[in-house]
Structures are given as structure tokens and as C-alpha cells.
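# Per-entry structural report
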Number of protein chains: 2
Amino acid sequence: MLPRGRPRAMGAAALLLLLLLLGFLLFDGRLRRAAALDGDPGAGPGDHNRSDCGPPPPRPSKCELLHVAIVCAGHNSSRDVITLVKSMLFYRKNPLHLHLVTDAVARNILEMLFHTWMVPAVRVSFYNAEELKSQVSWIPNKHYSGLYGLMKLVLPSALPAELAHVIVLDTDVTFASDISELWALFAHFSDTQAIGLVENQSDWYLGNLWKNHRPWPALGRGFNTGVILLRLDRLRQAGWEQMWRLTARRELLTLPATSLADQDIFNAVIKEHPGLVQPLPCVWNVQLSDHTLAERCYSAASDLKVIHWNSPKKLQVKNKHVEFFRNFYLTFLEYDGNLLRRELFGCPSQPPPGAEQLQQALAQLDEEDPCFEFRQQQLTVHRVHVTFLPHEPPPPRPHDVTLVAQLSMDRLQMLEALCRHWPGPMSLALYLTDAEAQQFLHFIESSPVLAARQDVAYHVVYREGPLYPVNQLRNVALAQALTPYVFLSDIDFLPAYSLYDYLRASIEQLGLGSQRKAALVVPAFETLHYRFSFPHSKVELLALLDVGALYTFRYHEWPRGHAPTDYARWREAQAPYRVQWAADYEPYVVVPRDCPRYDPRFVGFGWNKVAHIVELDAQEYELLVLPEAFTIHLPHAPSLDISRFRSSPTYRDCLQALKDEFHQDLSRHHGAAALKYLPALQQPQSPARG
Amino acid sequence: MLPRGRPRAMGAAALLLLLLLLGFLLFDGRLRRAAALDGDPGAGPGDHNRSDCGPPPPRPSKCELLHVAIVCAGHNSSRDVITLVKSMLFYRKNPLHLHLVTDAVARNILEMLFHTWMVPAVRVSFYNAEELKSQVSWIPNKHYSGLYGLMKLVLPSALPAELAHVIVLDTDVTFASDISELWALFAHFSDTQAIGLVENQSDWYLGNLWKNHRPWPALGRGFNTGVILLRLDRLRQAGWEQMWRLTARRELLTLPATSLADQDIFNAVIKEHPGLVQPLPCVWNVQLSDHTLAERCYSAASDLKVIHWNSPKKLQVKNKHVEFFRNFYLTFLEYDGNLLRRELFGCPSQPPPGAEQLQQALAQLDEEDPCFEFRQQQLTVHRVHVTFLPHEPPPPRPHDVTLVAQLSMDRLQMLEALCRHWPGPMSLALYLTDAEAQQFLHFIESSPVLAARQDVAYHVVYREGPLYPVNQLRNVALAQALTPYVFLSDIDFLPAYSLYDYLRASIEQLGLGSQRKAALVVPAFETLHYRFSFPHSKVELLALLDVGALYTFRYHEWPRGHAPTDYARWREAQAPYRVQWAADYEPYVVVPRDCPRYDPRFVGFGWNKVAHIVELDAQEYELLVLPEAFTIHLPHAPSLDISRFRSSPTYRDCLQALKDEFHQDLSRHHGAAALKYLPALQQPQSPARG
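None of these values were measured; they are calculated from a predicted model.

## Observations regarding the pairing of strand S12 (residues 401-408) of chain A
A regular strand places its side chains on the two faces of the sheet in alternate fashion. Residues and elements named next belong to chain A. For S12, the tally of buried residues reaches eight of eight residues, placing the bulk of the element in the interior. Alternating positions in S12 separate into two faces, Val 401, Leu 403, Ala 405 and Leu 407 on one and Thr 402, Val 404, Gln 406 and Ser 408 on the other, with burial throughout. Two elements, S12 and strand S15 (residues 485-488), share four bridges in a ladder whose sense is parallel. By the bridge assignment, Val 404 is partnered in S15 with Leu 488. Judged from the six bridges that link them, S12 and strand S13 (residues 426-432) form a sheet pairing that is parallel. Paired with Ala 405 across the strands is Leu 428, a residue of S13.

Here it is in C-alpha cells:
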């Protein structure tokens, strides 16, 4: 064990120097041992057969379960952790158990994500970071990771007592190899070692970066805690909890705060108890900080294993090889996560919840069925990443309304205008590929209008299959709305500037929800021109209507869709009026958040909103048209999805089949009352409806 | 060596059975040896240090150059080979030399692709498949790979005499591991072995698949030739050229043709000379044919190395684990190839042609320059995949015209209408990601109108950078036009139905090219409505113009762009008339194919066509308006790219800087004559121009 120098006066400096030098020499030997191991983790399973020479078999057995712990808090870290997990899953060949220490935001995101991702042979457990806060909140800390950065210290007590080995990862690492090779390094631990770490690849802990730079004590360059192998069992036995607290308290007598969070404390403990640490080969934590010395590592190595973006600048860090590492990171950032739903051959594992039923249902589909694509799309479970971007939930207000809509990449340019028209909360589902989700992120970041809005929640539903799952998207957005009321809109509509305020006032006046079960109808109009001056009032709107600059929505192609709104009456109306349901009615409505969900069987284009209004009517929602409300549809080119299917001759037949099944279900739920809707369901419908 | 049974009568059957059994036993032992190697190739570089035990170091040294040969012909195989190369590059850690035996089509595609891909430490050599044809065309062959399938047989003589080792791959394999591990298996060859192969993973060569199924002779199940390790030096020494020809000729006395191309002949030779073959572990060629037995291999293995789609159904093959393998394939199909431009650390290699100058130019850019993105985009070398889909060049006709345009994903739905309006050849550049290129492929395949057109050439330019490289795209499409004349159009315009015929007639009548240096102007109009009945004649067009259903192009926002066309005169004109250039003129024109290229410095939106017309005028092209020609712009929502930059305040400044530099170059080339354009270049321009 090394004596620790804590100079209080200039006179002690010489002693310190001597001690440091001594520490260095000891440490150097240990590093050399690590360097000798450097190439070793790549050794393959063939070595099983060579037990007569060298160390024990380095790879875990084919189906051994590997445990990984990650601390994750907030929206941005949740996105990071998904990229990390994608890189890990890409190379892994073993079942994994992820132990995620999360705040409420990250848990909400990651629980839904893993539930819908359905990756075979991956188990996920959550641990409440809020409950662990008190154990570390007494430590003053200047690192950008905040309190959560310190939580790695309490993992031995926070993780289940029966868990003996775990790999601990920062959210900003990327795998470039199979994690089982890292796990295999546990086999190199001596009987007393408990913490596997890679040397810190900067001069930070040498304390010579700038004048008066005073880092926490460390062995030589110290260790980086972005990747840790933890023998939890040994740490618990060794009294880890007391050990690190004691060290931290003592250091904090002379140091004002941790600079690098948990890493400072790990290093201080290790300096005191060097026997705890097993140095790992540098390739397992290639650190890309601003003053990185990592090049020494990666130029010599034949193979990089884990890349660590440990600069606060992350991918913008300056480094002459950053382009190489960035490409590596982008690979997994943009990687289609659906492709990771790969089973592990020869490793029997509990299928993810729901996966077995889904497999069976998919297996029962008939590939020769002309509607096969519809059936398959209906059964598809899309990966869902809720609140993809930072989001502030709206304060609880009794009559507040969230605008609910869904879109894909080709409607992104609607968002700015929508934000200008609707100052209230929004819940938007976006149907994107993983790569498009990154383009979307940049789009938002580069728009001052959008970046400023914290009350718009964006939920990414990852693309899969040939048909647009319009109602599944609407349901995701609807389920994430947090206000008592929702305005069920479509992305190519811009509401009246006053609509948000007017709706809240109307809800209050009408006693919607508590006294009345009603759907408030927002009359819909359309313009056929791109360049169009949006009316500021009903009077202006009526004037535009009269000169033919506006029409009632789908006036030329499909008047039935909105005819029951009774535009003639609306023109004169001063108060809300009730209208009756009629076939093909599909108004835009405001309803309580707990309204019926959209029927997810309607995929592609057609009948998706109509069916929802039928369900509202069957559940006896009153339909009340609001006299001052309006929303206007802007023109757009037909989307790629719609063009592809409009011309398909089987499309109508399949849609009719869906409608028939919808009516069967309607009869099952509502009995004879559903008879009312039968004629409407049997009449042919224009395939151009959206 | 095994005696070969060739029964001519039923009486010989018993003998045959005995011989087969004997062959099987011998073969079985060899396979077991291979199985013992199975896990071995994964052994890592650490084994260098353990030379005291077991076989020699299995990995090639860090920077050893590995050679790979692939036979590739036609448009579809060229796409396949790119996916194979992407998977190989993803995992590789060594410099590679690709030896590509190609027909003219594949060479044209792949030469441009690799030239623009600029992957460090990859060298590509081409060999002319046409010249090798005569060496194999005498062999009757029923396999779907055709004559090209047989060409692997002549590689020992076709490849350079100094090349001793090569890995030979079919275009339908995908790597799931580092190719250096495969290369390392050369070290396991005995002194006489020359061909490394994996067992064929079906019962084909056992000859019991159906009644009267009579395969070529093979050892047991035989070997699959999708992945071959070839010791070219030893084959040449052993007289391979005579050897395989002799065997093939003899077998063809009793067998009508090869069923599996080169594979039948390789197997027949090996049956005769079993000492040539080194069986390889099954994971190096996991074969997904219809009746595959590969599951035996991949369920037991801890690691798959190479997947082989050796069914004619390719990804549509039926197999209970096909989803797993398909996901793997899709990974590389959709992988952003730009990310593979990664250098190999610690392996000094000759940079790809042009790469060094490019690096220097990029390094000289100032990141603080507000126009940095423009500068960077101008320097970007985009990967280009010409004739992405099968394409028949138009027959040579002296006055033929190709429509030239460029587009991104959001304009795909224009293609069908464009095909209906323009029955002649087209050359279209598409700006896509790798994943979008696959969506595009499916879009074309699912459209009967588009799939039927073999005279439309689609050239994929892979996306990179934030600004739309509009003129670089135009230049790619222009360079690939094969007719003497080109109509330089934009994707959101539909030409008059008669335009193609009318242009050819006009070119002939006017003696364009040979007698006159002229640009024929096609007057441009626009409609603001989606649903719009396209005029069938000039008379109909004028009627629509008179009722306000049509306008001259950009009449409201930017009349200067087309004012010199003189629409009033056009209305009455019966013959072509000459017009003078004026500032901001940007008509759509027909010119000889060897016209000036577009100036690639104009990226994003603005001044890209205007600059081209300036250059035409400076080079003294006559501008002749055609009295019966017209083209009509259809409305569309602004693209994402344009929305992002229109609002940017630095956009105008950067565009002005580009214009200034353009004028400097113009003066350099045309001297005082360029003064004429100076005022036009200095006036401010609306940033909304496209």
C-alpha cells in the first residue's frame, strides 16, 4: 500500500515528489502487465482446447448470462444509452441482463423502448435513482454528469445481493467488439482484485495541466471509470460502502469538490488500496477527451474494443482521428434497431413478453392472402421512443388541451407553422427510421422556433413494414398526452391562431367531461394554394370562402366526410350546436384524454378517422360544433406511401375486409346498436381518402 | 486418391455404393479435422506470445495486404458486390486488394464507385471478363449464374503471375467477421493443398434429391465454391489449367451440362485429386439454399463468419431462421458506405487517388468562416453509383435527346408522370442515402410504368453534408447521357406530351450541333393546383393561360427568370426565334451533350441554373425559342433542404460570395467579354430562388 502525501506547506513538496515517483514505479509495473494482456482478449473459443498452455479459457461459455449496469437520467442520456446498447447488441453473442439505474424520465422512455423493442435474450431491470440520491448528494461535485455521475459508487449495495459480477458502463461509450471478451477479463483477476479499470488516457491526475491544477489523488495517470469490471461480491465483503465514504470524506477536507465525479473517488480509494484494482488493456476504454493520449493505445493495437466519448464536447471533440471514431459512432446511431431483434442460436432463452404470441400470430398468416401485407402490418410491434427530445410536461390545468397528430419525415416542414398557430402543448408521433430520427433531431436543433418549445413532446415510432400504421401512431401520441383534453388533428392542418385559447374557454363553459360526454367539432377548410394568407378571424375566413380562396375541406372530392358539420349553419352560428353522425363523417374533434383509442387495424390510407368517429358515436359522445373554431388544410404532394397504394387494385378489397371485421367487433361490443353503422360500412369508398 | 465409379449398367451399382461408402469414411475424417478447427479462426493476436504450444500464429500480421477476387457482371450483381464489399470493409483490419473480373457494365459502375468512394487501404484491379469468356464458353451450363459463374476456374491464369494467395468470393456472400481470420486459414494448408473449401451444406451431391437426379461426382456432400481459398502458385505448378479441362471434358461425355457451374467442376477435380483440398470450418460459408443443412453448423457454432445466399431466391429463400440472416444482410445493404472511409491506424498506405489533395483542401478551410458549410459541401466527393438499375442504352440516333434531371426521395412520386410525358431516354441523378436507395429500388419494382422502362438511367449519388449539391447532381446525370442532345430539365416539370418528338424534329431541321451552336429554349409555365388537366397542345395551353389556370413560370415571384423568353412573342410565333441573354435568365434548354458543365460551387439553392446560362451565353450559344415547345411546373411543398436554408441570414451573404468567385473565374476564361455579366452578378437576389 502506498503512503499518501498531503502537503500542507511548501516544505512537504519534496516528500510528495518522492512518493509520487515511487507510486509511479509500482504502477508502471502493473501497467506493463496490462499491456502484456493487450492482445489477449481477442483470443477465440478455440483456446478451450489448449488448456495445457497459458491462462484459463478467456471467453465465457456460449450461453453465459452477462450483466451490465448503466446509470442514466434525462432525455438526452436516454438517447445516448440506446446508441450504446445498439453497439453492444450488434456484436454480442451472449444473453444480457441490463441493470439500469434511472430517473423517472429515463425509466419512462427506456421501459417503453425495451418493451417494444423485444430483443431476444435481453433482460432489463430498473433501479430508482431518486432513492439512491441521498447516498451521494452530500458530495460536492463539479462534473457535468452531476449527481448521477456519482451513483456508480453505490452499485454494490443497490444491485441485487446475489449479483457477483457486473460490467459498469458510462452512457457515452460505444462498443466495437463483443462484450463477452470484456467479461472474460474477470478471469484474470487475482483472488483479491475487485475492480477492473483502464488507465486514464490523459495527464489530468498528474496534476500538471495548468498552474494550481490540483486533482484528486491517483496512482500515476489514474484510471478512467467509463468502463468498469466490478466484482460486487468482493467489494461487499471488503466493506466498500465504508471504504469509499471514508476516503471521500477525508479528501474533501482539503479538496473543495470532485471534478470528475465518481472517478475521483474511485482513484482515491485505489491509491489507498492498490490491491483492489486489475488494470485492463487500453483498448477497452479508448478515451477521446480534449487532451487525450489515446493515440498511443489505438495506433499500436490491432483492434479497438470500446470507444469512450468522455469530453463534454462529445462528437465535436478535436482530435486528428476524430472522424474515424465519429464514423464508428454514427454507425450505431443510425443503425436500424429492428435488425437487432436477432435470436441467439443455440441459447435457449425466455422470449420477451408478448413475443411468443406475436410469433404465433405471424406464423398463422397466409403469405398468399392478397391482404397479407395489411395483416402483417397490423401485427407489427413498432419500437417506440417516447419524448425523444427534452420535454417539460404542462402544469396541471383543468381545461388544458393537447394537440395530437402524427407525421413522417416529409411533413417536418409543417412543424414551425404549427408551433406558431398552436401555443399550447402538443403530443406528436413521428414515423421514422433510426437515421431519420437523427435528421429530425438536427432539424429541431437548427430551428429557433422549435428549439424554444419545451411543451411539444415528440415520440418516435420506428418504421417497419410497407404500410403506414396511421392509427397506431395516433394512439402513441394520444397515450402520451398529459392534459385532460386532446385536440385530435392531422399534421397538414393549421388551426386558427385563437383556437387553443378558444377551446379551453369552450371546454370550461360547456362543462365538458364532468357534466357532458361530448366531442367538440372544429370545422375544417382547405386551401389549394401554397402561398396563402391565413385568416385571423371567422369573418376573414368567410370572406376568403366567398371569393373562392378557401373551400370547406374536401369540398370537391369527398363532401360526405364533413357534410354533417353543416357549414351553412356554422356560418351563422353564435353558439355551439349539436349535429348527428352520418356515414363517412370524419371531423376533427376535441375530446377528453380517456376517449376511445383509434382502431389499429386500419393501416395504410383509408377509414382510419371514420372508424374512430363511429366508435365515439357508438359510445354516445355528443357531437358539438364550435361556432368560432376552424382549422385549415394546406396543400401537399401525395406522400410516397399513398402513391404506392392508391393504384393497387387489391387495396380496396383489403380495406373492405378490414371494414367488415371492424363491424363484427362493433356488433360484439355494442350489440344491436351497431346495426346503425352497417350500411355505411358496406358502401364502397374512394381509395384516395387519407 | 479415390477411385472414381462411373457405372454404365445396373450391375455396377453395388460397386458404386461400396466406393461411395469408402469415400465417405475418408471424407468424414477430413471433415472432423475441419470441425476441430471450427473455433480456431477467432484466436486473437495474443497467441503470438504462445508459440510454444499448438499451430503457428493464426492471424496475418497487422498490416498484411489481403487479396480478394470476385467475378461480377451486370447491373444487379454490381449492387450485390457492393453490399458484400461493405460487409467486408466493416470488419476488416487489413489493407485489401480487390481483383474484380467484370463485364463492361459492371466495370463502368464499379470503377466510378470505387473512384468516388475513396476508401483508404483498398486497391482495386479490373480484369476483362469478355477476354476470358472463350476459355469457358465451351462448357454447357444450366446454372443461373451463366457463363460468369464458370470464370472462377480460370483465375489462376487470369490473375497476375506474382499473386500466390487469393480469397475468391461469390457476389452473394456477406461477411459477419474480419476477413483476416479467413486469410489466416491459409496457414493450415499442408504442403500440397491448394484449395480451401467449406462442405456443401445440402444433399445435392449425394444424388438422392429426386428420381434420376444425377449430380456431378463429388467427395461425399462435396464442397461449395461460394468462398474459396486459392493457392494460385500451387495450382499453376500442378497444371490446373489442364487438370480441370480434362476432368470437365471427360464428365461431359456422360453428363449433359454443369448444373452448378464452376462448383461441379471443382468437385469433380477434387474427387479425382482429394489431396488438393483443405476443408474449411463450416462457419466460413453458411449456405442458405432451399434445402440447406446449415442449421447443423450455425446452431453449434458460437460465431458465424460468412453467410452465403446461394439460392436463386436469395433473400426470399424459405428457412426458419431466414429472418436472422436477412437482418444481417440488410445491415450492410442499408449501411452508410461513407462511414467506411476509415483509415487503418498504424498501417501506412497509399491514399486513394485525389484523397491527399482533398484532405489538404479540407484542412485549409476555416471552421469559423460563416460560409464554411458551403465550402465543405463544394469539396465533398460523393460516392456515385451510375446505372443503379438495369438499363439499355438507347440505339445510336443522330438527333436523339435525353432528358436530364436530378431529384431526392421527396420527388420520387414525379417519376411515373414524367415517364408518361417523356417517352424518350432519361438520365436522372438521385441524391439518396444507402437505405433510401433500397426504398427507391422497391418503388421502381412495384411500379409497372417504371419497371417497364429500360431507357431511364438512374444514377445514385450518396448523400453527404448539409447542403443539396444540385449542380454536382446535374453534372452526374449530364455526363451519363448517351444521346447527342440533352434536355436540361428539373424534376418538378412535366414536358408537353409531344415534346420528345418535336425536339428531335427541331434539332434535325435547325441543323443543331453540326451547323449551329445553339441552345433551344423550352418555354416554362406553372400551375398552382394539384389537380390539373394537362394541355395536349399549344392551343389548349393558351386557353388555360387566358383563364388563369396556368401562369408563365414564376410569374408572381420572379418574372426575370424567364422574361427574355418573351411569352407574348411565343404566343404568336410560328418559327423558332432568337432571344438575347439578360440578367437572371434561367430557361430550360436543349443543347448538345458536350455543352459546358454546371458550376459545382453552387450548392444548396440559388443561382445554379442562372450561372449555367451565363456560361452558355459567354461561349456564344445562340438562344432559340421553340414555338411549339412547352413544359409545366407542378406545385410542391418546399423541400426540407430549402426550408432549412431559406431562413438563414448568412445564406445570402454566402451566395453573394459564390457569385463573386464565379465572376472572377468567368473573367479569367472569357476576359473582357465577362464584363457584360458583372451587373447581373452584383445585384441582390431573392433567396427563395431554386
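## Considerations on the environment of Gln 135 of chain B
Residues and elements named next belong to chain B. Its place among the elements puts Gln 135 in helix H4 (residues 129-136). Separated by 32 residues in the primary sequence, Gln 135 and Ile 167 have C-alpha atoms spaced 21 Å apart. Within polar-contact distance, the side chain of Gln 135 engages the side chain of Arg 245 at 3.4 Å.

## Brief notes about the state of the cysteines
Residue and element names in this part refer to chain A. In this structure the tally under the stated criterion is six disulfides over all chains. The disulfide bridge from Cys 63 ends at Cys 347, spanning 2.1 Å between sulfur atoms. Residues Cys 63 and Cys 347 share a disulfide whose torsion about the S-S bond is about -90 degrees; that sign makes it left-handed. Residue Cys 63 is located in the loop between helix H1 (13-37) and strand S1 (66-72), and its partner Cys 347 is located in the loop between helix H12 (322-333) and helix H13 (355-364); the two are separated by 284 residues in the primary sequence. What makes Cys 63 partly exposed here is its relative accessible area of 32%.

## Structural notes on the sheet that holds strand S5 (residues 173-175) of chain B
Residue and element names in this part refer to chain B. What the three strands build is an open sheet, ordered S5-S10-S9; its pairing is mixed. The sheet terminates laterally at S5 and strand S9 (286-287), the two strands that pair on one side only. Sheet contacts for helix H12 (residues 322-333): S5, S9 and strand S10 (306-308); angle to S5, the most-contacted strand, approximately 80 degrees.

## Comments concerning the pattern of salt bridges
Evaluation of the coordinates by the stated rule reveals 70 salt bridges over all chains. With a shortest N-O distance of 2.6 Å, Glu 272 of chain A and Arg 250 of chain A are connected by a salt bridge. Of this pair, Glu 272 of chain A sits in helix H10 (residues 262-272) while Arg 250 of chain A sits in helix H9 (residues 240-251), and the two are 22 residues apart along the sequence. Using a relative accessible area of 23% as the deciding quantity, one classes Arg 250 of chain A as partly exposed. Between Lys 609 of chain B and Asp 490 of chain B there is a salt bridge, with the nearest N and O atoms lying 2.8 Å from each other. Of this pair, Lys 609 of chain B sits in helix H22 (residues 608-618) while Asp 490 of chain B sits in the loop between strand S15 (485-488) and strand S16 (493-495), placing them 119 residues apart in sequence.

## Considering the sheet that holds strand S9 (residues 286-287) of chain A
Residues and elements named next belong to chain A. Ordered in space as S5-S10-S9, the three strands form an open sheet in which the pairing is mixed. Looking at which strands have only one partner, the edges of the open sheet turn out to be strand S5 (173-175) and S9. Sheet analysis places S5 next to strand S10 (residues 306-308), joined by three bridges and oriented antiparallel. Residue pairing in the sheet places Thr 174 in a bridge with Ile 307 of S10. On top of the sheet, H12 reaches S5, S9 and S10; it is set at about 80 degrees to S5, its chief contact.

Thresholds applied
- Residues numbered from 1 in each chain as written.
- Chains lettered and ligands numbered in written order.
- Predicted model: local features only at pLDDT ≥ 70, side-chain atom pairs only at ≥ 80, totals over all residues.
- Heavy atoms only, no water.
- Buried < 20%, exposed > 50% of the residue type's maximum accessible area, 1.4 Å probe, protein only.
- Helix = DSSP H or I, 4+ residues; strand = E, 2+ residues; numbered from the N terminus.
- Pairing = 2+ DSSP bridges.
- Polar contact = N/O pair within 3.5 Å; in protein donor to acceptor, adjacent residues only side chain to side chain.
- Disulfide = S-S within 2.5 Å.
- Contact = heavy atoms within 4.5 Å.
- Axes fitted to C-alpha atoms, helices over the stretch in contact; angles between N-to-C directions.
- Salt bridge = Lys/Arg side-chain N within 4 Å of Asp/Glu carboxyl O.

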